[in-house]
Amino acid sequence: MTTTSTPEASTRSRWTRQRVLDFLGENGFIVIFVLWCLFLELATQRFATEGNIFTVLRQAAIVSIVAIGETLVLLTGAMDVSLAAILGFSGIVTASLMTTANLPPWLACFGSIGAGGAIGLINGLVITKIKINPIIATLGMMSILTGLALMYTGGQSVYGPALDRIAFLSSGGIGPVKMPVLVMFALYALFYWVLSRTLFGAHLYAVGSNNKAAWLSGLRVERIRIVTFMLAGLLAGLGGVMQVARLGAASPTMGDEFLFPILTAVILGGVSLSGGKGRLFNVLIASIFLVTITNGMVLLDTSVNAQRVVSGVILIVALSLDRLRQRER
Amino acid sequence: MNRWWIVAIGVLMFAACNGGTSNVGPQPQPTLLTDRLGQPQDLVPTSAEIAAAKTALGEKGFIGIVACNLSSEYHAAVPRAAEALAKQWGLPIQVFDSETKADRQNAAIETFVAQGAKAIALCVVDPKVVGNAVKEAAGKGVFMLQYAGRDLAVNGIGISVEDADLGCAAGEIAGDLIAREKGGQANVAILDYPDLPNVVVRANKIEECLKQKAPGAKITGHYLGGTAENGLKSLENALQAHPEIDVVASINDAGAYGAIKALEAAGKDPRQTIVVGIDAEAQAKDLIKQGKFFRGTVDTSPTQTGEMVMQAAVKLLAGSTAPKNVRVPVTKITEDSLK
C-alpha cells in the first residue's frame, strides 16, 4: 500500500517545519536550558528548591552584570576583552582603599567603580581616536591591568576585617533574595529600558548595524562608542566591588576566571559578533544557564572532569541550534 | 694602509675577547649523589663555592627561574626568596612568569638558553609538555634544576616538597580533628584541581591519609577548587546536594577561603565545621588563629625552597658534590602550633 500526500499537506508540513526551526533558532538555547532544568529536577529532586535557585542566581549575578557591558560594546560592533581584568583590578583597588588607606566603604566602592569607568574611557579613546582594533587595544589593557595588580600586591591577596563592612553587598538582601541578585535584576531592567526605549539605545544598534550609515545620518559614532566602553568599564568595576564583597578578599588574578564566562554568556545569548543585533534578556538567561550547568553536575554527583565534557556538549548543542536557523535562512 | 690598521685592531679586539673567555676555563662538572634523598643543609654553599659560581657565570651568564606563576602566594614567594639571595651573593638572575601555562615554559627555557643562562630552575606546570625543552637545554650544558617537583631535574638538582607529603599532612590534620572532635564521623568535601597532575596526587593523598586517621569519615566528593571563586561556587553547589558536609579539605588555601564563605552563607557553625588547606598563606594563618572554620594548613616553605634553589644553583655552577634530589620539609600548622 502506498500513501500519497496532497500539495496542501506538503505545504503545511513545510510551514510547520519552518515554524519549529524558527522557534528553535530564535530560542534554541532557551529550549535547551528549560529541558536541562527539567532533567535536573527530575534526576536530583533538589534543583528547583528555593535555596538552590537563589544559589544559582547569586552565582550568575556578577558575570551577568559585567556581561551587560560586553553586550553594549558588542552591539556597537566592537569587543572588549579587558572587562574581566578591569573587574580584578577594581577589586584590588576596593580592597586596598579599605584595608590600607582605611577609606570609608562608600568612598572605596565609588572610587573603584570610577576607576573601572576611567579604564573603559581610556579603552574607548584609544580605540576611536588612535584607531586601534578594539580586541588588540583591550587585550593590551588586560595585560597592563593584570601586571599592575600583580606588581602592587606582589602576588598576594589583599584582605582584612575592614572588608566585612561591604559584606552586605553579598549577603544582605530581601529575604532569600540576596543583594547581587537584586542588583542584577535592577541593572537588567535599567539597561533593557535604555536599549529599547531611549535614543541612546537606538543609536547603539544603528552604529553596530552600519557604522558608516550611522555616521552619515549625523550620529556621533565615536562619542557613542566611547560612552559604551566607559559604561562597560563602570559595570566591570561594580563587578569587582561585588566580587570582593563576596570573597572577603581580593587577589590580583581574581578577574581571570570571568573572561570566559562573560564572553560565553554574551555569545550564547545570541549577541551578534558583528554588531547591531542582540537581546539583553537572552544574555541574562545565558548567564544563568552557564551556572546551572556546573550546579547541575555537582547535584548529579559527577566528577570534575565529567563536568567539563558535559558543559562543552551542552554549549555546542545550544549554539548549533542558532547556526541551524542561520543556515535555514 | 689604514685598512691594515683596522684589521689589526679587529684581530686584537677578538683576541682580547677570547682571552676574557678563556680565563673562565672549562665549566667544572658537579657530582650528583643519587644514593639518598638530600636535606636542606646539604645545599648550603661555602664562600669559595659562591665565588666559583660567579666565575662560572662570567660576564653574560645568569641563573634563570621559570616560575609556575607569580599570582599565588607560594609561587611568588619562591622566586622572590631566590632573587633576594642572588642579590646578596651578587649573582645575576632573571625570573619568568609562566602564568600556569605549560606551553609558555618551552619558550621561556629556549629564550633563557639563547640569552646565556647557565642554570635554569623550573617549576613544571606539565612535565609532558616541557620535557623536550628541558632535555634540549640540558644537552647544551645548562644545569636544569626543578622545584615543586623532581622528575625533570635532568642535569641538575630536584628540590621539592612531595605532593604526597603535602596531601597526607593535610589529610592527617583533618583526620585527627575528626577523630578528636567528631568521634571519627564526618562528611568531607575535597577541593581538587584536576588540571594539574601533581595536584591530583595531592588530593588523592588527602583522602587516603584522612581515612587512615578517621576511617568512619564519608567523602561526599571531589569538587573543583584551586581558587577562592572555584572553592566558593563548588561548596555552594555541593551544600545543595550534601547539606551534611561538615569538613572541607582543600588542595590549597585559596580554595579553602572560598569554601569558608560558602559555609558561612549556609549558616554552618564555625566551631563545628572544619576546613583544612595547604600552603600556610598569611591569610590562612590569621584565620586559624581566629579558630573559626579554618583549623589547619600545611607549610610548604616557599621561602626556604627559593633559597635552596639558589644554593643548589651555586653548587652546580661551582662543580661541587650535592644530592641529586633534596626534600623540602613540610610542617603542619594548627591553632596550637601558632600559639
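Residues numbered from 1 in each chain as written. Chains lettered and ligands numbered in written order. Predicted model: local features only at pLDDT ≥ 70, side-chain atom pairs only at ≥ 80, totals over all residues.

Enquirer: Hey, could you go over the overall build of chain B for me, with residue numbers and the actual values?
Expert: If you tally the helices and strands in chain B, you get 12 helices and 14 strands. With respect to the principal axes defined by its C-alpha atoms, chain B has extents near 95 × 35 × 30 Å. By the burial criterion, 54% of the 339 residues in chain B qualify as buried. (Helix = DSSP H or I, 4+ residues; strand = E, 2+ residues; numbered from the N terminus. Buried ≥ 20, exposed ≤ 12 C-beta atoms within 10 Å, placed from the backbone.)

Enquirer: Describe the overall build of chain A, naming the residues involved and giving the relevant values.
Expert: Each helix and strand in chain A was counted, giving 13 helices and 4 strands. Summarising its shape, the C-alpha atoms of chain A cover approximately 85 × 55 × 35 Å along the three principal directions. Here chain A, with 329 residues, has 49% of them falling under the buried criterion.

Enquirer: Could you give an account of the environment of A:Ser96, with specific residues and numbers?
Expert: Residue and element names in this part refer to chain A. As for its placement among the helices and strands, Ser-96 is situated in helix 3 (residues 83-99). In this structure Ser-96 comes out as buried when scored by C-beta crowding, with 20 C-beta atoms within 10 Å. For the pair Ser-96 and Ser-112, spaced 16 residues apart in sequence, the C-alpha separation works out to 10.0 Å. Other than its neighbours up to four places away in sequence, Ser-96 contacts Ala-101 and Val-158. (Contact = placed C-beta atoms within 7 Å.)

Enquirer: So what's going on with the confidence of the model for chain B? Which residues, and what values?
Expert: Residues and elements named next belong to chain B. When pLDDT is averaged across chain B, the result is 89; 92% of the residues are at 70 or more. Taken as a whole, residues 14-24 scores under 50 in pLDDT and shows 2 contacts with residues more than four places along the chain or in a different chain. Model confidence for the complex: the whole-complex pTM is 0.78, and ipTM, which rates the interface, is 0.80. (pLDDT = per-residue confidence, 0-100.)

Enquirer: Run through the nonpolar core, naming residues and quoting values.
Expert: Formed by 213 residues in total, the largest nonpolar core has its most connected members in A:Val66, B:Ala119, B:Ile120, B:Leu145, B:Val309 and B:Ala313. A domain-level breakdown of this core finds at least three residues from each of domain 1 (27-160 + 302-328) and domain 2 (163-299) of chain B. Setting aside anything within four residues of it in sequence, one finds B:Ile120 in contact with B:Gly64, B:Val66, B:Ile109, B:Phe112, B:Ala137, B:Val142, B:Met144 and B:Leu145. (Core = buried A, V, L, I, M, F, W, Y, C linked by C-beta atoms within 7 Å. Domains from an automatic or database assignment.)

Enquirer: Account for the interface of chain B and chain A, with residues named and values stated.
Expert: Taken residue by residue, the interface counts 27 residues in chain B and 28 residues in chain A. Of all the elements, helix 8 (residues 228-241) of chain B adds the most residues to the side of chain B that touches chain A, at 10 residues. Split by residue class, the side of chain B that touches chain A holds 11 nonpolar, 10 polar and 6 charged. (Nonpolar A, V, L, I, M, F, W, Y, C, P; charged D, E, K, R; others polar.)

Enquirer: So, the packing of helix 3 of chain A against helix 5 (residues 134-153) of chain A: which residues are in play, and what are the values?
Expert: All names here are of chain A. Running from N to C, helix 3 and helix 5 point in directions that differ by 25 degrees, and their axes come no closer than 9 Å. Regarding the angle of helix 3 to helix 5, the classification is roughly parallel. Pair helix 3 / helix 5 crosses with left-handed handedness. Residues Ala-85, Ile-86, Gly-88, Phe-89 and Ile-92 of helix 3 lie in contact with helix 5, whose contacting residues are Met-141, Met-142, Leu-145, Thr-146, Leu-148, Ala-149, Tyr-152 and Thr-153. The residue inventory of the contact of helix 3 with helix 5, partitioned by class, reads 10 nonpolar, 3 polar and no charged. (Axes fitted to C-alpha atoms, helices over the stretch in contact; angles between N-to-C directions. Parallel < 35°, antiparallel > 145°, perpendicular 65-115°, else oblique. Left-handed = near helix turned anticlockwise from the far one by under 90°.)

Enquirer: I'd love a proper account of the environment of A:Thr128, names of residues and values included.
Expert: All names here are of chain A. Mapped onto the elements, Thr-128 comes out in helix 4 (residues 105-129). You can call Thr-128 partly exposed: it has 19 C-beta atoms within 10 Å. A sequence separation of 94 residues divides Thr-128 from Glu-222, and the C-alpha atoms of the two residues are 5.8 Å apart.

Enquirer: Tell me about unusual backbone geometry, and please be specific about residues and values.
Expert: One non-glycine residue, A:Asp301, lies in the positive phi region at around 60 degrees. Its location among the elements puts A:Asp301 in the loop between helix 12 (280-299) and helix 13 (304-328). The class of A:Asp301 is partly exposed, set by 13 C-beta atoms lying within 10 Å. One non-glycine residue, B:Ala280, lies in positive phi territory at about 55 degrees. Residue position: B:Ala280 is located in the loop between strand 10 (274-276) and helix 10 (282-290).

Enquirer: How would you explain the sheet that holds strand 9 (residues 247-250) of chain B if you had to name every residue and give the values?
Expert: Residue and element names in this part refer to chain B. A sheet is described by the order of its strands in space; here 6 strands give the open sequence 8-7-9-10-11-14, paired in mixed fashion. At either end of the open sheet lies a strand with only one pairing partner, and these are strand 8 (218-224) and strand 14 (331-334). Put simply, the sheet's adjacent strands are angled 15 degrees from each other on average, direction ignored. As paired elements, strand 10 and strand 11 (residues 294-299) share 2 bridges and run parallel to each other. In the strand pairing of strand 11, Val-276 is matched with Gly-296. Its contacts with the sheet place helix 9 (residues 253-265) against strand 7 (187-192), strand 9, strand 10 and strand 11, and it is angled at close to 155 degrees to strand 9. (Pairing = 2+ DSSP bridges.)

Enquirer: Residue-level account of the sheet that holds strand 2 (residues 62-67) of chain B, with values.
Expert: All names here are of chain B. Reading across the sheet, the 6 strands line up as 3-2-4-5-6-13 and stay open at both edges, with parallel pairing between neighbours. Sheet topology places strand 3 (93-97) and strand 13 (325-327) at the edges, where each strand pairs with a single neighbour. Strand-to-strand twist of the sheet, defined as the mean angle between neighbouring strand axes without regard to direction, takes the value 15 degrees. As defined by bridge partners, strand 2 adjoins strand 4 (residues 117-123) across 5 bridges and the pair is classed as parallel. In the sheet register, Ile-65 faces strand 4, and the bridge partner there is Ala-121. Lying on the sheet, helix 11 (residues 302-317) is in contact with strand 2, strand 4, strand 5 (143-147), strand 6 (158-160) and strand 13; it crosses strand 5 at an angle near 160 degrees.

Enquirer: Explain the pairing of strand 5 of chain B residue by residue, including any values.
Expert: All names here are of chain B. Within strand 5, 5 of the 5 residues are buried, which leaves the element mostly enclosed by the surrounding structure. Going residue by residue along strand 5, you find Phe-143, Leu-145 and Tyr-147 tucked away on one face and Met-144 and Gln-146 tucked away on the opposite face as well. The sheet contact formed by strand 4 and strand 5 spans 5 bridges and is parallel. Within strand 5, the residue paired with Ala-121 across the bridge is Leu-145. Viewed along the sheet, the connection from strand 4 through helix 5 (residues 127-139) into strand 5 turns out right-handed. (Right-handed = clockwise from strand over helix to strand, strands pointing away.)

Enquirer: Give me the lowdown on the domain arrangement of chain B, citing residues and values where you can.
Expert: All names here are of chain B. Split into domains, chain B comes out as domain 1 (27-160 + 302-328) and domain 2 (163-299). The partner domain 2 presents 4 residues to the 4 residues of domain 1 that form the contact. For the side of domain 1 that touches domain 2, the residue count by class is 1 nonpolar, 2 polar and 1 charged.

Enquirer: Any chance you could break down the confidence of the model for chain A for me, citing the residues and the numbers?
Expert: Of the residues in chain A, 95% have a pLDDT of 70 or more, and the chain-wide mean is 89. Confidence scores differ between elements of chain A, with helix 13 of chain A showing the lowest mean pLDDT of 72 and helix 7 (residues 179-197) of chain A the highest of 97.

Enquirer: Can you explain the packing of helix 3 of chain A against helix 10 (residues 221-247) of chain A? Please cite residues and give values.
Expert: Residue and element names in this part refer to chain A. Where helix 3 meets helix 10, the axes come as close as 7 Å, and the angle between the chain directions of the two elements is 50 degrees. Taken together, the axis directions place helix 3 and helix 10 in an arrangement best described as oblique. Classified by chirality, the crossing of helix 10 by helix 3 is right-handed. Contact residues: Leu-83, Ile-86, Leu-87, Gly-88, Phe-89, Ser-90, Gly-91, Thr-94 and Ala-95 in helix 3; Ala-232, Gly-233, Ala-236, Gly-237, Gly-239, Gly-240, Val-241, Gln-243 and Val-244 in helix 10. Here the contact of helix 3 with helix 10 is composed, by residue class, of 9 nonpolar, 9 polar and no charged.

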